[in-house]
Amino acid sequence: MDAGQPTKSLMILAIRASQSPDCLDELREQAEIFDGWEALESQCLWHGVLPTVYGTLSKALGPNHHATQRFRELFARSSLTAFQTVPEFIRILDELRGAGIPALGLKGLAVAQQVYGNFTLRPTGDLDLLVPEPLAWRAVGVLRSLGYLQESPPTLSDNQEK
């Protein structure tokens, strides 16, 4: 068996249990014998599912379980970041609209709000915006006027170039 398989299995079970409470008993049983909590944290952060897994683990294991406590700390940090980011995201969208540039939020906060109905349920580290290509440089100008700096030239991934 793949060394990461127990971690992946527990993560998937926790996500399933968030949608099907009848899986909570199985999650509780598996969590009690699980010993890869750091790997699980890492995988949940990587896949952007830590808030969901935290919510399900807290239901299955209770608030005093060591894993629940650690996930609560990570969720609190993630939520604080989201709460601090949302007003800035709105300000950017408003400025772009004011300049006649339609913009669409992608990934992170936008997905969390659309899919989960709660922007704290998907961790975010940045703001992803889609603007019409002919207006991209005008959008860069708006972002600069808001104090944003371009750290490196824009690049396209191999998938985007195709």
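In what follows, the structure referred to is the one given above.
Let us look at the structure shown here. (Residues numbered from 1 in each chain as written. Predicted model: local features only at pLDDT ≥ 70, side-chain atom pairs only at ≥ 80, totals over all residues. Heavy atoms only, no water.)

### Considering the overall build of the protein chain
Of regular secondary structure, the protein chain possesses eight helices and two strands. For the protein chain, the α and β elements follow one another from N to C terminus as α-α-α-α-α-β-α-β-α-α. Here the protein chain, with 162 residues, has 35% of them falling under the buried criterion. Contacts in the protein chain between residues far apart in sequence, at least 24 positions, make up 64% of those at least 6 positions apart. When the accessible surface of the protein chain is split by element, carbon and sulfur atoms take 54% of a total near 10300 Å². (Helix = DSSP H or I, 4+ residues; strand = E, 2+ residues; numbered from the N terminus. Buried < 20%, exposed > 50% of the residue type's maximum accessible area, 1.4 Å probe, protein only. Contact = heavy atoms within 4.5 Å. Areas by Shrake-Rupley, 256 points an atom, 1.4 Å probe, with all protein chains shown as cover.)

### Description of the nonpolar core
The biggest cluster of nonpolar side chains holds 24 residues, and the ones touching the most others in it are Leu27, Trp37, Leu40, Cys44, Val53, Leu57 and Phe71. Elements supplying a minimum of two residues to this core: helix H1 (5–19), helix H2 (24–33), helix H3 (37–47), helix H4 (50–61) and helix H5 (66–98). Broken down by element, the residue count for this core peaks at six residues, all from H4. The residues contacting Val53, other than those within four sequence positions of it, are Met11, Ala14, Ile15, Cys44 and Phe71. Membership of the second largest hydrophobic core comes to seven residues, among which are Ile92, Leu96, Ile101 and Leu135. (Core = buried A, V, L, I, M, F, W, Y, C linked by side-chain atoms within 4.5 Å.)

### Digging into empty space enclosed by the protein
Under the counting rule described, the total for this entry stands at one cavity of 30 Å³ or more. As for the largest cavity, its lining consists of Phe89, Leu106, Lys107, Gly108, Leu109, Ala110, Thr124, Asp126, Leu127 and Asp128. Among the elements that line the lining of the largest cavity, the one with the most residues is helix H6 (residues 108–116), at three residues. (1 Å grid on protein atoms, 1.4 Å probe; cavity = no way out; pocket = protein on both sides within 12 Å on 5 of 7 lines; lining within 4 Å. Points joined across faces, edges and corners; volume = space filled by probe spheres on them.)

### Concerning the pattern of salt bridges
Applying the stated criterion across every chain yields a total of six salt bridges. Among the salt bridges present, the one from Glu41 reaches Arg70, with a minimum N-O distance of 3.2 Å. A residue pair is termed long-range when its members are at least 10 positions apart, and Glu41 in helix H3 and Arg70 in helix H5 qualify at 29 residues. You can call Glu41 buried: its relative accessible area is 10%. The exposure class of Arg70 is partly exposed, given its relative accessible area of 31%. (Salt bridge = Lys/Arg side-chain N within 4 Å of Asp/Glu carboxyl O.)

### Observations regarding the environment of Arg138
On the secondary structure map, Arg138 appears in helix H7 (residues 136–145). Distance in space between the C-alpha atoms of Arg138 and Gly100 is 9.5 Å, their sequence separation being 38 residues.

### Considerations on the packing of H1 against H3
The geometry of H1 relative to H3 is characterised by a closest axis approach of 9 Å and an angle of 60° between their N-to-C directions. With respect to H3, the element H1 is oriented oblique. As H1 packs across H3, the resulting crossing turns out to be right-handed. Across from Thr7, Leu10 and Met11 in H1, the residues of H3 making contact are Trp37, Ala39, Leu40, Gln43, Cys44 and His47. Each residue belonging to the contact of H1 with H3 can be placed in one class, and the counts come to six nonpolar, three polar and no charged. (Axes fitted to C-alpha atoms, helices over the stretch in contact; angles between N-to-C directions. Parallel < 35°, antiparallel > 145°, perpendicular 65-115°, else oblique. Left-handed = near helix turned anticlockwise from the far one by under 90°. Nonpolar A, V, L, I, M, F, W, Y, C, P; charged D, E, K, R; others polar.)

### Overview of the packing of H1 against H4
Close contact between H1 and H4 brings their axes to 8 Å; oriented N to C, the two are set at 75°. With respect to H4, the axis of H1 lies roughly perpendicular. Between H1, through Met11, Ala14, Ile15, Ala17 and Ser18, and H4, the contact on the second element is made entirely by Thr52, Val53 and Thr56. Among the residues making up the contact of H1 with H4, the classes are represented as five nonpolar, three polar and no charged.

Purely spatial values, then, with no claim about function.
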